[in-house]
Amino acid sequence: MKVAFNIFLIVVASLLCLFALEGLTRLVLDDGMLYELEMWKYAREVKTRDLRPDLGHRHRPQAEAQLMGVDVRTNARGLRGPAIAENAASGVARIAFVGDSTTFGWGVAEKETFARQVIEELVKAGRKVDGFNLGVGNYNTLQELTLFREVGAALKPDIVALSYFINDAEPIPKYTDTGWLSEHSAAW
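So, here's what we can say about the structure.

## Some details on the environment of Leu142
- By the element assignment, Leu142 lies in helix H5 (residues 141-152).
- Along the primary structure Leu142 and Asp54 are separated by 88 residues, whereas in three dimensions their C-alpha atoms are 6.6 Å apart.

## Here we look at empty space enclosed by the protein
- Scanning the model with the defined rule gives one cavity of 30 Å³ or more in all.
- In this model, the largest cavity occupies a volume close to 40 Å³.
- If you go around the largest cavity, the residues you meet are Arg58, His59, Arg77, Gly78, Leu79, Val136, Leu147 and Val151.
- Within the residue set of the lining of the largest cavity, elements represented by two or more residues are strand E2 (56-59) and H5.
- In terms of residue class, the lining of the largest cavity is built from four nonpolar, two polar and two charged.

## Focus: the nonpolar core
- Ranked by size, the top nonpolar core spans 22 residues in total, and within it Tyr42, Val46, Leu67, Leu79, Phe132, Leu134 and Leu147 carry the most contacts.
- Among the secondary structure elements, those contributing two or more residues to this core are helix H2 (35-46), strand E3 (64-67), strand E4 (70-73), strand E5 (93-98) and H5.
- Sequence-distant contacts of Leu147, defined by excluding residues within four places in its chain, comprise Leu55, Arg58, Leu134, Val136, Tyr139 and Gly152.
- In terms of nonpolar packing, the next biggest core, distinct from the first, is built from five residues, Ile95, Phe97, Ala115 and Val129 among them.

Cut-off values and rules
- Residues numbered from 1 in each chain as written.
- Predicted model: local features only at pLDDT ≥ 70, side-chain atom pairs only at ≥ 80, totals over all residues.
- Heavy atoms only, no water.
- Helix = DSSP H or I, 4+ residues; strand = E, 2+ residues; numbered from the N terminus.
- 1 Å grid on protein atoms, 1.4 Å probe; cavity = no way out; pocket = protein on both sides within 12 Å on 5 of 7 lines; lining within 4 Å.
- Points joined across faces, edges and corners; volume = space filled by probe spheres on them.
- Nonpolar A, V, L, I, M, F, W, Y, C, P; charged D, E, K, R; others polar.
- Core = buried A, V, L, I, M, F, W, Y, C linked by side-chain atoms within 4.5 Å.
- Buried < 20%, exposed > 50% of the residue type's maximum accessible area, 1.4 Å probe, protein only.
- Contact = heavy atoms within 4.5 Å.

Right, dumping it as structure tokens:
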């Protein structure tokens, strides 16, 4: 009986320590600028698994999160930015910005992404353009192409701007099944 009680006390004390660690992680370490925690939030709040081997993950439609101190939102297509019409207005050139986190605009407000800045500068210069941001963090070129074929091509862009970064040559990561702790624990 005494052994069972001691095991019970150890289990309870261990659980209390784990809850305290989780609380301290969220209260003390999570200042919105710790890269590892922000990437975990990005994966949990904005991304979703896609079981196709040439995609792996994508953005959730209508997702909202605060990451690296800035608000991040996706539209109904899961793209960062406002909704975009199925077809560009007559006489308007449409630009698809394709890439990974650099295109997505990791760490910057939506208005500061290079996709948004290029469009705004072209409009200021009198050009009739619109565009959309197909950037997804941690994508390689195959994933970018797959998403473009699925989502971007249907929006009929006139110009495709591919933002290539060194990690574009990396293979698609192997995704393991995520457990409850991976989904819910910042300390894990």
